[in-house]
2 protein chains.
Amino acid sequence: MTDVQILSREPVTPRRRDAQATRAAILEAAKAQFARLGYDRAGLREIAAEAGADVSLIKRYFGGKEGLFTEALKASFQPDRLKEWDRAAFPADIATMMADAPADEARTHSFQFLLRAATSPTTAPLLNLAVQERFLLPIREWLGGADVHARARVLAAVFIGFLVERLIRGEALEGREREVFMAHVTATFDALLGGG
Amino acid sequence: MTDVQILSREPVTPRRRDAQATRAAILEAAKAQFARLGYDRAGLREIAAEAGADVSLIKRYFGGKEGLFTEALKASFQPDRLKEWDRAAFPADIATMMADAPADEARTHSFQFLLRAATSPTTAPLLNLAVQERFLLPIREWLGGADVHARARVLAAVFIGFLVERLIRGEALEGREREVFMAHVTATFDALLGGG
DNA sequence: ACATTATGTCAATGAGCGTTGACTTACCGC
DNA sequence: GCGGTAAGTCAACGCTCATTGACATAATGT
């Protein structure tokens, strides 16, 4: 009790001081953790560790867990490379994609992240706005034609549905089931793109 | 402070001793809470309180939180009153349902429950099997016709998609957007039921 | 009646986690 | 060089919550 060893600042080579980089690293780690574990199970200590930073910096840079989450959510919407997609090939491409096994990539993580956010009463309202501006809007622009609002909704809904189905399925379809499945998917999107 | 009143076992009318009923009540409360809050945010104390039981009984009857969850998950699959649905009216009925605001009913709760489970790596495999046997199978039987496997998958996927969309939207569609939306939904399900 | 068992109650423990503030120290302008 | 500020580190508080074991008592069979 008498003498608490004053531990001599070891050669811990403290982190290089770059606020921007640190912030970015934390955000990246947060995106991954939130996607993988969800809001509740993701721990700030874990996130900080993965980012090679200290927990307290999360408070400094994001205010707290919620702030970090909302930022990560915003950052999870890709700048939509929807435009790269050829309208003619779109239905068939999507069909193939949905019949295959879910890719274990950042894409899937982002999607799981969003899906998770949708199912949480806390984060749902926030997600609603984000979806409006960053998801439905681009789809509308890409779609064009009459009644884009309604059609974009349907397109988004169906798209999400197939993503969820693929997620639950977990593996690629094969044989005749695959063919028929793809045919239906293609037909569905064809109908939506054809306009109505 | 001096004399802590030794509260004389008040007429607390201790719970009537009926293990089965208690177990059932806990399970019911669990289903509701898990659906509303998700696995992590749902508290055993809350669940027990809602069931009018004590926390420790959860351990006795279900082993713990995880056990309770898996049981609740199993019990969340309705015996599918799919059969009650008129095939002819099905597409239009679904369209109306999806265009409206999400009902705050047991139905919606069950769905959120399942969706939540789907997004959790822990519970996903379990859900996969459950979906196979309790969701896809009934749909197949109801559907009938050729290639039921593939068609049931598509049907389930689209159905889930619209549910999610409605969930995120949070409110009823109105005016022309509603009409066009419903028209598309109807057409989509018509195509699936028509066979192919 | 009595003993046994199943059912229900209560209080405490211990871990995990977000949050917080005090303390170092590298970086940068002067 | 020098001082000030921002970046990073550390330890601890307080809260929530699942878990657990000890205790009380109704129900049941003999």
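Residues numbered from 1 in each chain as written. Chains lettered and ligands numbered in written order. Predicted model: local features only at pLDDT ≥ 70, side-chain atom pairs only at ≥ 80, totals over all residues. Heavy atoms only, no water.

Participant: Explain the interface of chain B and chain A to me, please; I cannot follow it from the model alone.
Facilitator: Counting from both sides, the interface comprises 38 residues of chain B and, opposite them, 39 residues of chain A. A buried area of about 3,700 Å², summed over both sides, lies between chain B and chain A, and 65% of it is on carbon and sulfur atoms. Where chain B packs against chain A, one counts eight residue pairs in polar contact (both at pLDDT 80 or more). Where the side of chain B that touches chain A is concerned, the elements lending two or more residues are helix H1 (19-41), helix H6 (106-118), helix H7 (124-143), helix H8 (148-169) and helix H9 (175-193) of chain B. Ranked by residues supplied to the side of chain B that touches chain A, first place goes to H8 of chain B with 15 residues. Partitioned by chemical class, the residues of the side of chain B that touches chain A number 19 nonpolar, eight polar and eleven charged. (Contact = heavy atoms within 4.5 Å. Buried area = accessible area lost by both parts, 1.4 Å probe. Polar contact = N/O pair within 3.5 Å; in protein donor to acceptor, adjacent residues only side chain to side chain. Helix = DSSP H or I, 4+ residues; strand = E, 2+ residues; numbered from the N terminus. Nonpolar A, V, L, I, M, F, W, Y, C, P; charged D, E, K, R; others polar.)

Participant: Teacher, can you tell me more about the confidence of the model for chain A here?
Facilitator: Per-residue pLDDT for chain A averages 83, and the proportion of residues at 70 or more is 85%. The model gives residues 1-14 of chain A a pLDDT under 50, and that stretch makes zero contacts with residues more than four places away or in other chains. (pLDDT = per-residue confidence, 0-100.)

Participant: Got a minute to help me understand the protein's contact with DNA strand C in this structure?
Facilitator: Close to DNA strand C lie 22 residues, the nearest being Arg17 and Arg45 of chain A together with Arg17, Thr22 and Arg60 of chain B. A share of 45% of the atoms of DNA strand C within 4 Å of the protein falls on sugar and phosphate groups. A distance of 2.5 Å separates a phosphate oxygen of DNA strand C from a polar side-chain atom of threonine 22 of chain B. Taken together, the elements giving at least two residues each to the surface near DNA strand C come down to helix H2 (44-51) and helix H3 (55-62) of chain A together with H1 and helix H3 (55-62) of chain B. Sorting elements by how many residues they give to the surface near DNA strand C places H3 of chain B first, with four residues. Along the lines of polarity and charge, the residues of the surface near DNA strand C split into six nonpolar, five polar and eleven charged. (Near = heavy atom within 4 Å.)

Participant: Can you help me understand the protein's contact with DNA strand D in this one?
Facilitator: Not every one of the 22 residues close to DNA strand D is listed here, only the nearest: Thr22, Ser56 and Arg60 of chain A together with Arg17 and Arg45 of chain B. A share of 45% of the atoms of DNA strand D within 4 Å of the protein falls on sugar and phosphate groups. Within the side chain of lysine 65 of chain B, an N or O atom sits 3.0 Å from a phosphate oxygen of DNA strand D. Taken together, the elements giving at least two residues each to the surface near DNA strand D come down to helix H1 (19-41) and H3 of chain A together with helix H2 (44-51) and H3 of chain B. The element that contributes the greatest number of residues to the surface near DNA strand D is H3 of chain A, accounting for four residues.

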